[in-house]
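Structural overview for review
Chain residues, written in single-letter form:
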Amino acid sequence: MIEMQDVWKTYPNHHSAIQGINIKIDRNEFVYVVGPSGAGKSTFMKMMYREVKPTKGHIHVNGFNLAKLKQRKIPYIRRNIGVIFQDFRLLPQLTVYENVAFAMEAIEAPRKQIKKRTMEVLDLVKLKHKSKSMPNQLSGGEQQRVSIARAIVNSPAVIIADEPTGNLDPETSVGIMNLLEEINLRGTTIVMATHNRDIVNNYRKRVIAIEGGKIVRDEYRGEYGYED
Ligand code: ADP
Ligand code: ADP
C-alpha cells in the first residue's frame, strides 16, 4: 500500500530531515510513527500525501508514484489519501455538513451522492445531529470527528494522521482512537504520528521510530519507548 525506497529530504537550508528511509506498509495495517521532536516525523508523513516532495528516492502510495507526480495531478491522489491534523483544519465559515461535503465537491462527485455519503459518514462519527453547527460551536473532540469524517468521505485507501490526539484530553483521545480503529477494521490503512505514550502502549500496533531522519526501530505490537 505504501512503499518508500531510499528516500531523502533535504530542505533548502541544507538540513537533511530524512536520510535514506526504506519502508513497506501493507494494506489494512495500523502504524504508529514515534520519535523525538525534530526527528523528521512530520516530513515523513507529509511525503506520503505529497505535501513535501523527496529530494531523492521513490515513494508509492496506493499505486501512485508520488515522487514523479505532476503538480496538477495532486488533487487526484487526495481522493485516495485522507489526512487528519492535530489542529483539525476545518473551514470556520462552513457548517459541519459543508466541511465534509466540500471534500466530495472537490472531486466533482454527483450532488445526490454527496448528500447521501456525507450524512453516512457524519452518522459513523456520531455527529449527524450537529450537521448544521459551525466548527466553533463544537468541542475539540467533535471537531476532530468532523475532520475524520472529511478524511474518509471519499473512501480513501490510506489515512495519514499527524498527531490527531495532540490537542485533546485523554478521555476524548480514547474516543478518537476507537473511531480510527473502527475505520481501520473496515479496511483503511492508517499511519499515525503520535507523542501519546499511553495510546501507543494501550492500543498495540506496529511502531516505527524515527530519529535523526532514519528509522531506528520497526516492531509489530511495539511500545512507545520514550519517556516524554
Ligand atoms: P518532527 O515532526 O519529528 O518534529 P520535522 O519533520 O518537523 O520533525 O522536522 C525535521 C527536521 O527538519 C527539523 O530539524 C526541522 O527543523 C527541519 N524542517 C522541517 N520542516 C522544514 C522546512 N520547511 N524548512 C527547513 N527545515 C525544516
Ligand atoms: P469537551 O469538554 O469534550 O471539549 P465542551 O465542554 O467543549 O466539550 O462541549 C460540550 C458540548 O457543548 C459539546 O456538545 C459542544 O458541541 C457544545 N458546545 C461547546 N461550546 C459551544 C458553543 N460555543 N456553542 C454551542 N455549543 C457549544
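Residues numbered from 1 in each chain as written. Chains lettered and ligands numbered in written order. Predicted model: local features only at pLDDT ≥ 70, side-chain atom pairs only at ≥ 80, totals over all residues. Heavy atoms only, no water.

**Observations concerning the UniProt feature "domain: ABC transporter" (unreviewed entry) in the protein**
The UniProt feature table records "domain: ABC transporter" (unreviewed entry) at residues 2-227. The straight-line gap between the two end C-alpha atoms of residues 2-227 is 29 Å; of that span, 32% is helix and 26% is strand. (UniProt positions renumbered as here; feature names shortened; annotations may be inferred. Helix = DSSP H or I, 4+ residues; strand = E, 2+ residues; numbered from the N terminus.)

**Concerning the site of ligand 2**
As a matter of local geometry, ligand 2 sits amid K130, N136, Q137, L138, S139 and E142. K130 places a polar side-chain atom, nitrogen or oxygen, 2.7 Å from an oxygen atom of ligand 2. A distance of 2.7 Å separates an oxygen atom of ligand 2 from a polar side-chain atom of E142. A total of 550 Å² of accessible area belongs to ligand 2 in isolation, and the protein chains cover 37% of it. (Near = heavy atom within 4 Å. Polar contact = N/O pair within 3.5 Å; in protein donor to acceptor, adjacent residues only side chain to side chain. Areas by Shrake-Rupley, 256 points an atom, 1.4 Å probe, with all protein chains shown as cover.)

**Overview of the sheet that holds strand β2 (residues 16-25)**
The strand order across the open sheet built from four strands is β2-β1-β4-β5, with neighbouring strands paired in antiparallel fashion. Lying at the two open borders of the sheet, with one neighbouring strand each, are β2 and β5 (64-65). The sheet contact formed by strand β4 (residues 56-61) and β5 spans two bridges and is antiparallel. The partner of H60 across the bridge, within β5, is N65. Most of the contacts of helix α1 (residues 41-48) go to strand β1 (residues 2-10), to which it runs at about 125°, and overall it touches β1, β2 and β4. (Pairing = 2+ DSSP bridges. Contact = heavy atoms within 4.5 Å. Axes fitted to C-alpha atoms, helices over the stretch in contact; angles between N-to-C directions.)

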